[in-house]
Amino acid sequence: MNNSTFNKTPLLLALMVMATGQIASSIIFPSLPMISQDLSVSPDQAQKIVSLFLIGFGVSQLFYGPFSDLQGRRTAFILGQIIFLTGAVISYAYASNVDAVAYGRLVQGLGAGSCSVLGKSIIRDKYEGEALSLALSYLVVITSIVPILSPVLGGWIATHLGWQAVFAFIVNYVAATFALAWFVLPETLTHAKKKFDIMRVVKAYSAIALNRQVISSASYNWVAYLGNIITLTVFPYLLQDNLGLTASEYGVLIVIPSFGLLAGSGIASLLNGRLSVFHTLLLAVAILLCSGVWFLVVEMTILNLLAGFTAFAVAQGIFLPVSMTMLLAPHKSKAGLVSAYAGAIQMSVAGLLGGGLLSVWVKTQLDLGLLYCGLAVVLLFVTTTNKAQR
């Protein structure tokens, strides 16, 4: 497909929508050690700020997906932004109490769930065939970089203005996005609005939950995102508390893995049509396994930590566009519903399972290595099982 004929406007709107939730999710990571110290709480307590946001983010998508399919993308996003802004104000106003901050983050997540669902749905509304694959590749590149780049800003704010100022930034950013969406976000729904019927929605989710194609396609994103969130939660403690970086220095250095995401997405685009989906996924699994082995055999240094995470990011960059294309291509009329289900499981797994693993196990570089290897084994099983059943 000729890029000069590719309509980028829907893509830009989708990026605006999705970036809102992603920035709020990842901008807080460099501040976690500072929050632990200033509020005299354990790392496990501080990490609730991450896990509760993800749980709210995940659960709320189950509502926003079907609601946007029936009542429209714009209406769902505006509603979500109002809830998002309310939670942001709570976290900022009660920043001296870690439980209140975590509660505010839960409310933020309940609003932010609209962002992920609607960004993907806008793409599915407006693109077909090769254009859909191209749009998803662009979407993966940008939305994979945002969670890596936003800690740069978060680290700078926390170092120079204090970690409380990070929550003030979230309030102002969400308010600005809400105002922008109110004036420029059009309705992209391609069919007439319909009545929101909760029982019909429950039945639809039940059917999706039993759809092997949906589960197998989405599992790559679920597993990769789990590893990503655990890594981004552990890394501030390893690099700041153990290796002596400031929050600002951490925020800058954590940009490096974004090049791995770019490389992985580029590899996926290059191999599209040249290599089978099966072999592309096997390549990503092999890279993921290598990143785990790397963490198991090298000493803990800044360079070695960044190298291992960058390799992980390459694998994730390959998984994401392949997985999203496999997931959404057969479901145009139910793109919001399918995106919502997949996103809900992804975020809930990251929040619940990730929070549990961080609490009882993953604390060190060695632990991350074992985790990466385990994730690679899981995805190898999924890939080979799908191949055998076709």
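Scroll up to find the structure.
All values derive from a computational prediction rather than experimental measurement.

Novice: So what exactly am I meant to see when it comes to the overall build of the protein here?
Specialist: Looking only at helices and strands, the protein has 16 helices and zero strands in total. Its C-alpha atoms give the protein a radius of gyration of 20 Å, near enough to 21 Å, the size a compact globule of 390 residues would have. Expressed as a percentage of the 390 residues in the protein, the buried residues total 58%. Considering only intrachain contacts with a sequence separation of at least 6, the fraction spanning at least 24 residues in the protein is 86%. If you sum the accessible surface of the protein, you get close to 15200 Å²; carbon and sulfur atoms cover 68% of it. Side-chain charges in the protein split into 20 positive and 13 negative, and the spacing between the mean points of these groups amounts to 16 Å.

Novice: Sorry, what's going on with a nonpolar patch on the surface here?
Specialist: Taken together, Leu289, Val293, Leu296, Val297, Val360, Trp361, Leu366 and Leu370 make up a surface patch of nonpolar side chains, about 710 Å² in accessible area. For the nonpolar patch, the elements supplying multiple residues, two or more each, are α13 (277–297) and α16 (365–389). Per element, the largest residue contribution to the nonpolar patch is four residues, and it comes from α13. Mapped onto the elements of the fold, Val360 is located in helix α15 (residues 335–360).

Novice: Please explain the environment of Val202 as it appears in this structure.
Specialist: Relative to the helices and strands, Val202 is located in helix α9 (residues 198–209). Look at Val202 and you get partly exposed, because its relative accessible area is 40%. Note: C-alpha distance between Val202 and Pro66 (136 residues apart in sequence) is 9.8 Å.

Novice: I would appreciate a short explanation of the packing of helix α5 (residues 73–93) against helix α8 (residues 164–184) in the present structure.
Specialist: If you want to describe how two helices pack, look at the angle between their axes and the distance between the axes. Relative orientation of the contacting elements α5 and α8 amounts to 160°, with a least axis distance of 9 Å. One element, α5, and the other, α8, form an angle in the roughly antiparallel class. When you trace α5 past α8, the crossing you get is left-handed. Residue-level inspection shows Arg74, Phe77, Ile78, Gln81, Ile82, Phe84, Leu85, Ala88, Val89, Ser91 and Tyr92 of α5 in contact with α8, the latter providing Gln164, Phe167, Ala168, Ile170, Val171, Val174, Ala175, Thr177, Phe178, Ala181 and Trp182.

Novice: Sorry, what's going on with the layout of surface pockets here?
Specialist: What the second largest pocket holds in volume is close to 280 Å³. Lining of the second largest pocket is provided by 12 residues; of these, Asp69, Leu70, Ser333, Lys334 and Leu337 occupy positions nearest its centre.

Novice: Looking at this structure, how should I read the packing of aromatic side chains?
Specialist: The geometry of an aromatic ring pair is captured by the separation of the ring centres together with the interplanar angle, meaning the angle of the planes. Scanning the entire structure with this criterion turns up 12 aromatic pairs. Among the aromatic residues, ring-to-ring pairing joins Phe235, Phe295, Phe309, Phe312 and Tyr372 into one connected group. We note Arg74 situated over the ring of Trp182; from NZ or CZ to the ring centre the distance is 5.6 Å. Over the ring of Phe53 we find Arg105; its NZ or CZ atom is 4.4 Å from the centre of that ring.

Novice: Help me out: how do you make sense of the side chain of Ser258 in this one?
Specialist: Looking at where Ser258 falls in the secondary structure, it is placed in helix α12 (residues 256–271). Within the structure, the side chain of Ser258 is placed 2.4 Å from the backbone oxygen of Val255, a separation counted as a polar contact. With residues up to four places along the chain from it excluded, the contact list for Ser258 reads Ile145 and Ile148.

Novice: Explain empty space enclosed by the protein here, please?
Specialist: For the coordinates displayed, the defined rule picks out three cavities of 30 Å³ or more. Considering only enclosed or pocket space, the largest cavity measures out at about 450 Å³ in volume. Lining the largest cavity we find 27 residues, and of these Gln22, Thr143, Pro147, Tyr225 and Gln346 sit closest to its centre. Secondary-structure elements contributing two or more residues to the lining of the largest cavity are α1 (9–26), α6 (98–126), α7 (129–161), α10 (212–242), α14 (302–328) and α15. Among the elements that take part in the lining of the largest cavity, α7 stands out by supplying six residues, more than any other. Within the lining of the largest cavity, the residues separate by chemical class into 15 nonpolar, 11 polar and one charged.

Novice: Looking at this structure, I do not really get the pattern of salt bridges. What am I missing?
Specialist: Note that side chains of opposite charge can pair when their charged atoms are close. With the rule as written, the count across this model stands at two salt bridges. Ionic pairing is found between Lys363 and Asp44, a salt bridge with its closest N-O pair at 3.1 Å. Pair noted here: Lys363 is in the loop between α15 and α16 and Asp44 is in helix α3 (residues 43–46), with a separation of 319 residues, a long-range link. Take Lys363: its relative accessible area is 38%, and that puts it in the partly exposed class. With its nearest N and O atoms 3.0 Å apart, the salt bridge here joins Asp99 to Lys48. Residue Asp99 is located in helix α6, and its partner Lys48 is located in helix α4 (residues 48–71); the two are separated by 51 residues in the primary sequence.

Novice: Looking at this structure, I do not really get the packing of α13 against α14. What am I missing?
Specialist: Direction vectors running N to C along α13 and α14 enclose 160°, while the axes themselves pass 9 Å from each other. Looking at the two axes, α13 sits roughly antiparallel to α14. Handedness of the α13/α14 crossing: left-handed. Class assignment of the residues belonging to the contact of α13 with α14 gives a composition of 20 nonpolar, four polar and no charged.

Novice: Is there a simple way to explain the nonpolar core in this structure?
Specialist: Side chains that are nonpolar tend, in soluble globular proteins, to be buried together. Core analysis: the biggest nonpolar cluster contains 122 residues, and Ile123, Leu139, Ile230, Phe235, Leu288, Phe319 and Leu368 have the highest contact counts within it. Counting residues per element, this core draws most heavily on α10, at 16 residues. Non-local contacts of Ile123, meaning those with residues more than four positions away in its chain, are made with Leu11, Ala14, Leu132, Ala135, Leu136 and Leu139.

Novice: Please clarify how α10 should be interpreted in this entry.
Specialist: Each turn of an α-helix holds 3.6 residues, which means side chains three or four residues apart point in the same direction. With 31 residues, α10 should cover 45 Å at 1.5 Å per step; its first-to-last C-alpha distance of 43 Å lies within 8% of that length. The largest bend in α10 comes to about 35°, at Ala218. Two or three places before Gln213, at the start of α10, stands the capping residue Asn211, its side-chain oxygen 2.9 Å from that residue's backbone nitrogen. Looking at the residues trailing α10, positive phi occurs at Gly244, about 85°.

So, how was this worked out
Residues numbered from 1 in each chain as written. Predicted model: local features only at pLDDT ≥ 70, side-chain atom pairs only at ≥ 80, totals over all residues. Heavy atoms only, no water. Helix = DSSP H or I, 4+ residues; strand = E, 2+ residues; numbered from the N terminus. Rg over C-alpha atoms; globule rule 2.2 N^0.38 Å. Buried < 20%, exposed > 50% of the residue type's maximum accessible area, 1.4 Å probe, protein only. Contact = heavy atoms within 4.5 Å. Areas by Shrake-Rupley, 256 points an atom, 1.4 Å probe, with all protein chains shown as cover. Lys, Arg positive; Asp, Glu negative; His and termini not counted. Charge placed at Lys NZ, Arg CZ, Asp CG, Glu CD. Patch = residues over 30% accessible without salt bridge, like charges linked within 9 Å, V, L, I, M, F, W, Y side chains within 5 Å. Salt bridge = Lys/Arg side-chain N within 4 Å of Asp/Glu carboxyl O. Axes fitted to C-alpha atoms, helices over the stretch in contact; angles between N-to-C directions. Parallel < 35°, antiparallel > 145°, perpendicular 65-115°, else oblique. Left-handed = near helix turned anticlockwise from the far one by under 90°. 1 Å grid on protein atoms, 1.4 Å probe; cavity = no way out; pocket = protein on both sides within 12 Å on 5 of 7 lines; lining within 4 Å. Points joined across faces, edges and corners; volume = space filled by probe spheres on them. Phe/Tyr/Trp six-rings, centres within 6.5 Å; stacked < 30°, edge-to-face > 60°. Lys NZ or Arg CZ within 6 Å of the ring centre and 35° of its normal. Polar contact = N/O pair within 3.5 Å; in protein donor to acceptor, adjacent residues only side chain to side chain. Nonpolar A, V, L, I, M, F, W, Y, C, P; charged D, E, K, R; others polar. Core = buried A, V, L, I, M, F, W, Y, C linked by side-chain atoms within 4.5 Å. Expected span 1.5 Å × (residues − 1). Bend = angle between axes of the 7 residues up to and from the residue.

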